[in-house]
Amino acid sequence: RELRLRAPQTGSRRRRVSALSARGVAIRVGSGAAKMWRQGASALFRRVTDASPWVLGAFGATALATLAVQESNSLSEPVFTASEVAEHSDLEKGVWVTYDGNVFDVTPFVLRHPGGPSKLMMAAGGSLEPFWQLYQQHTTQDVQELLKSYRIGKLDEKDAAEAARIMAHSDDPYAHEPRRHPALKVLKEKPFNAEAPLSILSSYITPESLWYVRHHHPVPTIDPEEFRLDLCVNRSEDDEDLSGPSQDDERTIKLSLDDLKTKYKRVSVTATMQCGGNRRSELNDVGKTQGLKWQFGAISTATWTGVPLRDLLKTQLNIHDAAQAEAMGIFHVQFAAADDPFDSSIPISKAMDPRGDVLLAYEVNGHPIGREHGGPLRAIVPGYIGTRNVKWLSKVVCAKEEAYSTWQRGVPYKMYNSSIKSFDVPEADPTKAASVMEMPVTSAIVEPEDHT
């Protein structure tokens, strides 16, 4: 790869350095010094152009690292313009991104991105800031440290200033969040994530205002009068976009909230819901984990009221049991949310099980579900991981395949053997692992609290 580097402020001219196997390594020519910017890489540098008096021969990684230690204080680092970064927007040329005035080559990480390669590729050749303003879970120390390991230089000062100006004038997507109870134990403000207070968990039913909160995006505002639920069947299995219109529009049924309340049997189910990351902080005592450090307050119980999903599928789609559905090529029920691109799915066997108690709920503890917890309509899947209980439900799809999003197929929502400590090993291939569904029963002492 050919790297264009900016010379130090000593009158030296910008030089072009040709490198063999230079992925991950930047070399500065000046005062007879070389600097390695990324550890763990090795390169053979054959020649330096522009009448340079220095010739770099065969340097191993050890020699380069030694030079880096000796000479780093006297050298300036590579500077890239936004145009140069934009040229690196695919896996063939490399995937570069910018953040906070710095430039990163994230090519090795693209295929390992927990949200899937497509999410990271949206920022390829450009800035991460607009996306991380929405997905602020990336501002954690773990993610920041990981990003630093891919740093290759700085963004040109003018381009960095322009990027900062644009972000300063952009709207905050979290400006209209609901008011929250001060007793909640907040883990993250944007997107909002909080545990239920431990003292309230000793009660069987958790008040809605004190329920644990697990958000991935800003909380949407949905007018109950304007709300419509799309019910679809037999979508094309290669259509990954649940947010668009059905491929088979004549079989898309639209139902209002009033339809669901007046035309179907009203059923109440008391269920405990738990985030898949609950008690992660305790696992950190055994080995380091990734994600929010939940204690055991990411769990709550409520009485939900709504329409049994099996009744809806039976009445609207003439599906009477799981065996009939599977004979039709339907193996999953996908739930799409208003906070696109969130979607998730459950097996058709769970949806149609008379004892499965799957609801499309519009009330919690006797009153309409508020914005915070998925109103006006959400899925309730008792016994399953919280992410299958989709909030702000907008579409139900009967399909051959499970949902396509990272919340269904991504590494964080797959089941692995506890012996797997890295996602870089073949055994961690998410396409070969089952999606998390049922949650195990655990117990915790909530009263008296620790240290009391």
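For the structure itself, look to the data block above.
Quick look at the structure, then. This is a predicted model, so every value here is computed, not measured. (Residues numbered from 1 in each chain as written. Predicted model: local features only at pLDDT ≥ 70, side-chain atom pairs only at ≥ 80, totals over all residues. Heavy atoms only, no water.)

**Quick word on the overall build of the protein**
What the protein contains, in helices and strands, is 12 helices and 21 strands. Counting the 452 residues in the protein, one finds 49% classified as buried. Pairs at least 24 apart in sequence give 65% of the contacts found in the protein among residues at least 6 apart. Accessible area for the protein stands at about 22800 Å²; split by element, carbon and sulfur atoms hold 51% of it. (Helix = DSSP H or I, 4+ residues; strand = E, 2+ residues; numbered from the N terminus. Buried < 20%, exposed > 50% of the residue type's maximum accessible area, 1.4 Å probe, protein only. Contact = heavy atoms within 4.5 Å. Areas by Shrake-Rupley, 256 points an atom, 1.4 Å probe, with all protein chains shown as cover.)

**Regarding the sheet that holds strand β21 (residues 393-399)**
What the 5 strands build is an open sheet, ordered β13-β12-β21-β16-β17; its pairing is mixed. Among the strands making up the open sheet, the edge pair consists of β13 (253-256) and β17 (343-347). Ignoring which end each strand starts from, the neighbouring axes of this sheet average 20° apart. (Pairing = 2+ DSSP bridges. Axes fitted to C-alpha atoms, helices over the stretch in contact; angles between N-to-C directions.)

**So, helix α9 (residues 309-317)**
Leu-309, Asp-311, Leu-312, Leu-313 and Leu-317 are the residues of α9 that are buried. Just downstream of α9 lies Asn-318, where phi reads positive at about 60°.

**Description of the pairing of strand β8 (residues 151-155)**
In this structure, strand β4 (residues 79-80) lies alongside β8, joined through 2 bridges in parallel fashion. Within β8, the position partnered with Phe-80 by the bridge is Leu-155. Looking at chain direction, strand β7 (residues 102-105) and β8 are connected through 3 bridges and run antiparallel. Within the sheet, the bridge partner assigned to Val-103 lies in β8 and is Gly-153.

Keep in mind these values describe shape, not function.
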